[in-house]
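Commentary on secondary and tertiary structure
Here is how the chains run, residue by residue.
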Amino acid sequence: MSPTQQQQPAKFRLAIAGGGISGLALAAALTKSSCHKQLAVTVYEAVPEYKDVGAGLALHLNAIKAMALLGPELQRAYFERALTMAAEEDTEMATTVMLAQGPHAGTVVAELGKAKGRKSIARSDLVQGFLELVPEGTVKFGKRLVEIEETAESTSHDGRHPVVKLSFKDGTTAEADALIGADGIHSATRSYLLGADHPATQPKNHDGWIVYRTLVSTEEARKKINPRWTTNVPIMMGPRGHINCIPLSKNTRLSAGVAVRGNVLRALTSSAAPDDDDDPQSKPELDPSLYADYTEEAQQIVRLVAADTSASWTAADHDHAPTYHRGRVCLLGDAAHASLPFAGNGAAQALEDAAVLHALFTSSPLSASDLHDEEKGVIEKMFEAYDTVRRPRSQAVVDLARRFGRVYAYAEDGMHEDPVRMKAFFAEMSAFTNQFDVRGQNEEAVRMFEGLMMGRVGDGKGRGELPN
């Protein structure tokens, strides 16, 4: 080895805990970008192999924008595996939100997530698409993170650099120069950053939501429900649960569900509301007779779901974390801001996270020496800029998803009695999520990072405030 080669610093080792949508999206983008020469990216995924599990996604426009910024390969992976929700790619499609019970039953009050060529996709299909973009050997399976330790010095590569030590459930360990925790709603990284006893560490189910869910072939579904809802995504609202369908796997399967609040379960069955640790199969059976005053289309879907509720689950989200980072560790996706599924923006927020981090890593020609330099604190400042920009907006979406659930359940100040008011609400909130300037958010994070590197302090406000 020549002296010049010996003097070259080791690549900056970036560990990503969790190989879900956000973790793989970031890994794929970074390994294909100009900064790959300075970074050695490793994804540690808890499961031994990916399985065909997880609900369907109907990604909104902000998610599509975020994937484009992460790289054309990611957006192409999504489009190639998803179901087109229109006959033509240039047709705008949306999730149709309608009242299913009461004097205004049948009234459409919103079209959420409107985008040209919008598609629905199974989470497992999107994960597989992103996985194929990551270089072989990047993802280590069966590595469930259980312990994190930050030390002042590495023991396994040249030079004296701060290091993050990772311990896994299988007894193995690894070292990294920085850790991005994308390890889901029960994140070990979140527990490390906030503390195991912090009130925002563990997921919550404040409203006691249970989602009765089934997964059937599209052929079977067409025999039992309006065929329209095997190729489009509806949300049918009512006081005893709202109803939803998502076509999956190139329109060969249909995910259908009924989401019920805990107070409704108590009133109907005198059982306790579920919490995030409850087994949904221990809850009362879904009784279609309780939905006799819903529209016939809604009742058809309820009966379809009631025939097999084996895919049911209890919904949960996170109370707001005071920070998404500390030192050389930060949070990404559900580990940072798990939300209820009712605003349809959880995956989109995770992709926005990944887009911002990708923009920060690729914003300037940072060398491996720069990234390692403890005095410059490049990684710490990068994570600070990410946290400042992303935390307000992503937490606002958590709040919004909670509110959407209450609106869907006719539990929001009589809003269901006034379709005009409801339309205005959904239009404003949809614009907040769907029409967001994702590129502008990336640029804001980069400006903040550059300011921090020059000793300037940002205002810490980010871009996340909801409209009044």
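Rules and cut-offs
Residues numbered from 1 in each chain as written. Predicted model: local features only at pLDDT ≥ 70, side-chain atom pairs only at ≥ 80, totals over all residues. Heavy atoms only, no water. Buried < 20%, exposed > 50% of the residue type's maximum accessible area, 1.4 Å probe, protein only. Helix = DSSP H or I, 4+ residues; strand = E, 2+ residues; numbered from the N terminus. Salt bridge = Lys/Arg side-chain N within 4 Å of Asp/Glu carboxyl O. Core = buried A, V, L, I, M, F, W, Y, C linked by side-chain atoms within 4.5 Å. Contact = heavy atoms within 4.5 Å. Pairing = 2+ DSSP bridges. Polar contact = N/O pair within 3.5 Å; in protein donor to acceptor, adjacent residues only side chain to side chain. UniProt positions renumbered as here; feature names shortened; annotations may be inferred. 1 Å grid on protein atoms, 1.4 Å probe; cavity = no way out; pocket = protein on both sides within 12 Å on 5 of 7 lines; lining within 4 Å. Points joined across faces, edges and corners; volume = space filled by probe spheres on them. Nonpolar A, V, L, I, M, F, W, Y, C, P; charged D, E, K, R; others polar. Phe/Tyr/Trp six-rings, centres within 6.5 Å; stacked < 30°, edge-to-face > 60°. Axes fitted to C-alpha atoms, helices over the stretch in contact; angles between N-to-C directions.

1. Looking at helix α3 (residues 61-70)
- Residues of α3 that are buried: Asn62, Ala63, Ile64, Ala66, Met67 and Leu70.
- Remark: Gly71 follows α3 within two positions and exhibits a positive phi of approximately 150 degrees.

2. Remarks on the pattern of salt bridges
- If you walk through the whole model with that rule in mind, you get 20 salt bridges.
- A salt bridge links Lys143 to Asp170, with the nearest nitrogen and oxygen atoms 2.8 Å apart. Taken together, the positions of Lys143 in the loop between β8 (139-140) and β9 (145-151) and Asp170 in the loop between β10 (163-168) and β11 (173-176) put the pair 27 residues apart, joining distant regions of the chain.
- Relative accessible area serves as the criterion here: at 18%, Lys143 is assigned to the buried category.
- The exposure class of Asp170 is partly exposed, given its relative accessible area of 41%.

3. A closer look at the nonpolar core
- Counting residues in hydrophobic clusters, the biggest one holds 85 residues, and the most contacted among them are Phe130 and Ile180.
- Look past the residues within four positions of Phe130 in its chain and what remains in contact with it is Ile21, Leu24, Ala25, Ala28, Met67, Leu74, Ala77 and Leu351.
- Core analysis: the second largest hydrophobic core is formed by 29 residues, Val97, Ala259, Ala315 and Tyr408 among them.

4. Some points on the sheet that holds strand β19 (residues 329-331)
- What the six strands build is an open sheet, ordered β8-β2-β1-β12-β19-β18; its pairing is mixed. In this open sheet, the two strands that pair with only one neighbour each are β8 and β18 (325-326).
- Of the pairings in the sheet, the one linking strand β1 (residues 12-17) to strand β12 (residues 178-181) comprises four bridges and is parallel in character. Along β12, the bridge assignment pairs Ala17 with Gly181.

5. Focus: the environment of Glu352
- Along the chain, the position of Glu352 falls in helix α11 (residues 346-361).
- For Glu352 and Leu69, which are 283 residues apart along the polypeptide, the C-alpha to C-alpha distance reads 9.3 Å.
- Polar side-chain contacts of Glu352 include one of 2.9 Å to the side chain of Asn62.
- Side chain to side chain, Glu352 and Gln441 meet in a polar contact 3.1 Å long.

6. Quick look at the UniProt feature "transmembrane region" (unreviewed entry) in the protein
- Residues given the UniProt feature "transmembrane region" (unreviewed entry) here are residues 12-30.
- What you have in residues 12-30 is 53% helix and 32% strand, and the ends, taken at the C-alpha atoms, are 12 Å apart.

7. A few points about empty space enclosed by the protein
- Within the structure shown, the criterion is met by one cavity of 30 Å³ or more.
- Its boundaries defined by the atoms lining it, the largest cavity holds a volume of some 30 Å³.
- In terms of lining residues, the largest cavity is bounded by Cys35, Gln38, Leu39, Phe361, Leu366, Leu371 and Met382.
- Residue classes in the lining of the largest cavity are distributed as six nonpolar, one polar and no charged.

8. As for the side chain of Asn232
- With respect to the helices and strands, the residue Asn232 is situated in the loop between α7 (218-224) and β14 (234-237).
- A distance of 3.2 Å separates a polar atom in the side chain of Asn232 from the backbone oxygen of Arg228.
- A distance of 3.2 Å separates polar atoms of two side chains, one belonging to Asn232 and the other to Thr231.

9. Describing the pairing of strand β2 (residues 39-44)
- Counting buried positions along β2 gives five out of six residues, so the element sits mostly inside the fold.
- Examined bridge by bridge, β1 and β2 share six bridges and lie parallel to one another. Its bridge partner lying in β2, Ala17 is registered against Tyr44.
- Note: β2 against β8, two bridges, orientation parallel. Along β8, the bridge assignment pairs Val43 with Val139.

10. Quick look at the packing of aromatic side chains
- One pass over the structure, following the stated rule, counts 10 aromatic pairs.
- Taking 4.9 Å as the distance between ring centres and 35 degrees as the angle between the ring planes, the aromatic pair formed by Tyr44 and Phe168 counts as tilted. Of this pair, Tyr44 sits in strand β2 while Phe168 is found in strand β10, placing the two residues 124 residues apart along the sequence. Judged on exposure class, the residue Tyr44 and its partner Phe168 are both buried.
- Arranged with centres 5.1 Å apart and planes meeting at 85 degrees, the rings of Tyr50 and Phe141 form a pair that is edge-to-face. Of the two residues, Tyr50 sits in the loop between β2 and β3 (56-58) while Phe141 sits in the loop between β8 and β9, which places them 91 residues apart along the sequence.

11. Considering the sheet that holds β11
- Strand order across the open sheet formed by three strands is β9-β10-β11, with antiparallel pairing between neighbours. Only two strands of the sheet have a single partner each, and these edge strands are β9 and β11. Pairs of neighbouring strands in the sheet enclose a mean axial angle of 20 degrees, with direction left out of account.
- With four bridges joining them, β10 and β11 adopt antiparallel strand pairing. Bridge pairing links Leu166 to Ala174 in β11.

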